[in-house]
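Now for the letters of each chain:
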Amino acid sequence: MSAPGTASVNIVGAGLAGALLALLFARRGLAVTLYERRPDPRQATPERGRSINLALAARGMRALEQAGVMERVRPLLIPMRGRMVHERSGATTLQPYGQRPHEVIWSVGRADLNRVLIEEAALHARVSVRFSQQCRGVDVRGDSLAMRDLSSGREYQVALAPTIATDGAGSAVRGGLAAAGLTRVREEWLDHDYKELTILPASAGALERHALHIWPRGGFMLIALPNTDGSFTATLFLARNGSQSFAALDQPRAVLEFFQREFADALPLVPDLPKQFASHPQGQLATVHAAPWHTDGQVLLLGDAAHAIVPFHGQGMNAAFEDCSVLGATLDRVPDWPARFAEFERLRRPNTAAIAQMALENYVEMRDAVLDSGFLRRKAIAMELERRFPDRFIPRYSMVMFHPEIPYGEALRRGALQAQLLAELDPGENGTADAVLAEKLISERLPPLG
Ligand SMILES: Cc1cc2nc3c(=O)[nH]c(=O)nc-3n(C[C@H](O)[C@H](O)[C@H](O)COP(=O)(O)OP(=O)(O)OC[C@H]3O[C@@H](n4cnc5c(N)ncnc54)[C@H](O)[C@@H]3O)c2cc1C
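Since this is a predicted model, take the numbers as computed values, not measurements.

About the cut-offs
Residues numbered from 1 in each chain as written. Predicted model: local features only at pLDDT ≥ 70, side-chain atom pairs only at ≥ 80, totals over all residues. Heavy atoms only, no water. Salt bridge = Lys/Arg side-chain N within 4 Å of Asp/Glu carboxyl O. Helix = DSSP H or I, 4+ residues; strand = E, 2+ residues; numbered from the N terminus. Buried < 20%, exposed > 50% of the residue type's maximum accessible area, 1.4 Å probe, protein only. Contact = heavy atoms within 4.5 Å. Polar contact = N/O pair within 3.5 Å; in protein donor to acceptor, adjacent residues only side chain to side chain. Pairing = 2+ DSSP bridges. Axes fitted to C-alpha atoms, helices over the stretch in contact; angles between N-to-C directions.

Draft legend 1. Main features of the pattern of salt bridges. Going through the model one piece at a time under the given rule, you end up with 33 salt bridges. Across the pair Arg 174 and Glu 187 runs a salt bridge whose closest N-O atoms are separated by 3.2 Å. Pair noted here: Arg 174 is in helix α5 (residues 172-179) and Glu 187 is in strand β13 (residues 184-189), with a separation of 13 residues, a long-range link. The buried category is assigned to Arg 174, whose relative accessible area is 3%. Relative accessible area serves as the criterion here: at 39%, Glu 187 is assigned to the partly exposed category. The shortest N-O distance in the salt bridge between Arg 413 and Glu 410 comes to 3.1 Å. Of the two residues, Arg 413 and Glu 410 both sit in helix α14 (residues 408-425), 3 residues apart, roughly one turn of that helix.

Structure (structure tokens):
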């Protein structure tokens, strides 16, 4: 464990990862200065244009438990037991996520969760949280961060000493490292954007609260997650350009016609749809590939700053929280910052690459496959195999969402073996899967989970 009294660590960005990391560091006796561009969320209204609620799952919850904040977070959570699939006809079906009572995911408001984490971090005497402080770049040779106080306009510098950058997908620190040739960055932009719409409690009607709602439409989709105040936040994911695209929805009438045609049962949920559509921002989505994530013990990128992913597996925050927990544990085992940063990157890179890939694949599953009879048949076989061989077969979605002891990389690897096995066992329409063959294939190809 690092001794109290070492120089203060800088954390740039008091978002979800930065605030949790400050808390985990403080619990280990480290002094932390947290710099955040936004004003204090305890006094200001939340920023618009970032996702309003998120799905929290077992990996994120494990890190929150390690930080000792789960009891404060729990009242903010709403369990979502499955996907409520809304067909064009208006028919709905609940597809459970798992098959045990605890196999649910949790809807949580970003602003509430962030505020609790900041409050808990700020309770520690050795944590200093500085709001309205924008990082403008990094000079590794000169050992400094370039900062601006947004309330006074004053520019100043801070010694790196070291710095963890948790300043999100558009990280200024990552930009500074890239400009100095210290990291290579590739941003892989999706050609689909998103827009959030609010379903007020008064119009939510009978919309099931304990589900994640999906209106899958092949090339695009609408989803909705519940909030604790009885409202829901809906998100439309749609191509930026083309015949069915945001670009084509440039008039209130086009928006109404599109919803009437594609999401007729959702239209009454958003009575002021044209107004919300025109005033809410259209967000872009990307996977960020950066390498390396650290310089020699001075700067480390973590969370979205290192590896932003598309949101379709509901894992970006969960992965960022898992990063915090891995870095915290590294502090306990590894004596100095250069070795800690290198060890963090060695452990995390294969796993964050795996979740980046699975997140992209899940977009197709959510917007398209959930209505496909073959997908539903293989899902039922997978659930049956998990019941019969729980130490060898766990559906990939469950490994990612409910089994934090299985690294993402392992979930991807075993998931590919399982998909092949399911294809071989799939009996087609009206058939029954061969139970003897299932047992043989599983014992040959899937060793017991560690
Ligand atoms: C539409 C959408 C839906 C999502 N849904 C889910 C979900 O269901 N489940 C899930 O797990 N993940 C989800 N995610 C991903 C999740 O939002 C991110 O992975 C998560 O926020 C990453 O946390 P972070 O702390 O790394 O970055 P952020 O939460 O973005 O925090 C970055 C912080 O740094 C601050 N900052 C930025 N620049 C500077 C600067 N120059 N100087 C100082 N401070 C700065 C910001 O103000 C912010 O507070 C979703 C993302 C989107 C876009």
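Having seen the structure, we can now continue with the description.
Draft legend 2. Geometry of the environment of Ser 231. Here Ser 231 shows up in the loop between β16 (221-226) and β17 (232-239). Residue classification places Ser 231 among the buried residues on the basis of a relative accessible area of 4%. In the structure, Ser 231 is positioned 31 residues away from Leu 200 in sequence and 4.6 Å away in space, judged by C-alpha atoms. Once residues lying within four places of it in the same chain are set aside, the contact partners of Ser 231 are Ile 199, Leu 200, Pro 201, Arg 209, Leu 225 and Pro 226. Of the polar contacts made by the side chain of Ser 231, one reaches the side chain of Asp 229; its length is 2.6 Å.

Draft legend 3. Looking closely at the side chain of Glu 36. Turning to its location among the elements, Glu 36 is positioned in the loop between β2 (32-35) and β3 (53-56). Residue Glu 36 is classed as buried on the basis of its relative accessible area, which comes to 7%. What Glu 36 contacts, discounting residues up to four positions off in sequence, is Gly 13, Ala 14, Gly 15, Arg 130, Phe 131, Ser 132 and Gln 133.

Draft legend 4. Structural detail: the pairing of strand β7 (residues 105-109). Most of β7 sits inside the fold, with 4 of its 5 residues counted as buried. Bridge count between β3 and β7: 4 bridges; the pairing is antiparallel. Paired with Leu 56 across the strands is Trp 106, a residue of β7. Bridge analysis of strand β4 (residues 78-80) against β7 gives 3 bridges, and the strand direction is antiparallel. Across the sheet, the residue bridging to Pro 79 is Trp 106, located in β7.

Draft legend 5. Structural view of the pairing of strand β10 (residues 144-149). Here strand β9 (residues 133-139) pairs with β10 via 6 bridges, running antiparallel. Across the sheet, the residue bridging to Gln 134 is Arg 148, located in β10. Between β9 and the antiparallel strand that follows it, β10, lie 4 residues; Asp 143 among them carries a positive phi value of about 55°. Taken together, the 5 bridges between β10 and strand β11 (residues 155-159) define a ladder with antiparallel strand orientation. Considered in β11, the bridge of Ala 146 is made with Gln 157.

Draft legend 6. Examining the sheet that holds strand β5 (residues 82-86) more closely. A sheet is described by the order of its strands in space; here 7 strands give the open sequence β6-β5-β15-β16-β17-β14-β18, paired in mixed fashion. Looking along the sheet, the strands with just one partner apiece sit at the ends: β6 (92-96) and β18 (282-283). The sheet contact formed by β16 and β17 spans 6 bridges and is antiparallel. The partner of Ile 223 across the bridge, within β17, is Thr 235.

Draft legend 7. Inspection of the sheet that holds β10 at higher detail. Reading across from one edge, β9-β10-β11 is the order of the 3 strands in this open sheet, with antiparallel pairing throughout. Among the strands making up the open sheet, the edge pair consists of β9 and β11. Shown here is a sheet whose adjacent strand axes are inclined to one another by a mean of 30°, direction ignored.

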